[in-house]
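Notes for the structure review
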Amino acid sequence: MLPARLSAALSNWLRGLIFGTGMSEGDADTASFSLRKLAHFLEFASLGGLITWLLAMFRKNTWYYPLTLGTLACLVDETIQGFVPGRAPMLLDVGVDVLGVSLGIVTVNLLLWWLYRKHRKEK
């Protein structure tokens, strides 16, 4: 978890790298906000996919447990932000994170289904 000042500097650097520096302040804020939400989404999509893959190896339910564990991770992440100076927990971030977890779960389950079908056809 980065302090607010460092997180903002990193976001601004990345925004400048992707979009250039000729943006108006409003557009720059929107781009920075969007990049941060995209980072949250992709981070938690990876987490959801990883949890699903790991639990599938143990033949556990591959949507309920990963969704529960991923949602708990989202809530813990946002709770921790409440204790970092300059940062605050946001319900929007929890929603974005849970959507990311869900995408990871769906993606890995589709991959597992495809691999299962491919394996059955080969037999």
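For the structure, see preceding data.
All of the points below concern the structure found in this document. Just so it is clear, the structure is predicted and the values come from calculations on it, not from any experiment. (Residues numbered from 1 in each chain as written. Predicted model: local features only at pLDDT ≥ 70, side-chain atom pairs only at ≥ 80, totals over all residues. Heavy atoms only, no water.)

**What about the overall build of the protein?**
When helices and strands are tallied, the protein shows four helices and zero strands. For the protein, the α and β elements follow one another from N to C terminus as α-α-α-α. Put simply, the protein has 123 residues, and 28% of those count as buried. If you sum the accessible surface of the protein, you get close to 8500 Å²; carbon and sulfur atoms cover 69% of it. (Helix = DSSP H or I, 4+ residues; strand = E, 2+ residues; numbered from the N terminus. Buried < 20%, exposed > 50% of the residue type's maximum accessible area, 1.4 Å probe, protein only. Areas by Shrake-Rupley, 256 points an atom, 1.4 Å probe, with all protein chains shown as cover.)

**Focus: the pattern of salt bridges**
Pairs may arise between side chains of opposite charge once their charged atoms sit close together. Tallying each qualifying case throughout the model produces one salt bridge. The partner of K37 in a salt bridge is D93, and the shortest N-O contact between them spans 2.3 Å. Of this pair, K37 sits in helix α2 (residues 25-57) while D93 sits in helix α4 (residues 91-122), placing them 56 residues apart in sequence. Using a relative accessible area of 12% as the deciding quantity, one classes K37 as buried. (Salt bridge = Lys/Arg side-chain N within 4 Å of Asp/Glu carboxyl O.)

**Let's talk about the environment of G70**
Position of G70 among the secondary structure elements: in helix α3 (residues 64-81). Linking G70 and V101, residues 31 residues apart in sequence, is a C-alpha distance of 6.0 Å. Filtering out sequence-adjacent residues up to four positions away, G70 remains in contact with I51 and V101. (Contact = heavy atoms within 4.5 Å.)

**Quick notes on α3**
Its 18 residues give α3 an end-to-end C-alpha distance of 26 Å, which sits within 8% of 26 Å, the value for a rise of 1.5 Å per residue. Three or more residues of α3 are buried, namely P66, G70, C74, D77, E78 and Q81. Within α3, the buried residues cover an arc of 100° as seen down the axis, which keeps them to one side. (Expected span 1.5 Å × (residues − 1). Arc of directions from axis to C-beta.)

**Structural notes on the packing of α3 against α4**
Any two packed helices are characterised by the angle at which their axes cross and by the distance between the axes. Put simply, α3 and α4 touch, their axes get as near as 9 Å, and they point 150° apart. One element, α3, and the other, α4, form an angle in the roughly antiparallel class. Every pair of crossing elements has a handedness; the one defined by α3 and α4 is right-handed. Residues P66, L67, G70, T71, C74, L75, D77, E78 and Q81 of α3 lie in contact with α4, whose contacting residues are D93, V94, D97, V98, V101, S102 and I105. (Axes fitted to C-alpha atoms, helices over the stretch in contact; angles between N-to-C directions. Parallel < 35°, antiparallel > 145°, perpendicular 65-115°, else oblique. Left-handed = near helix turned anticlockwise from the far one by under 90°.)

**Focus on α4**
With 32 residues, α4 should cover 46 Å at 1.5 Å per step; its first-to-last C-alpha distance of 47 Å lies within 8% of that length. Taken together, the buried positions of α4 are occupied by D93, V94, V96, D97, G100, V101, G104, I105 and V108.

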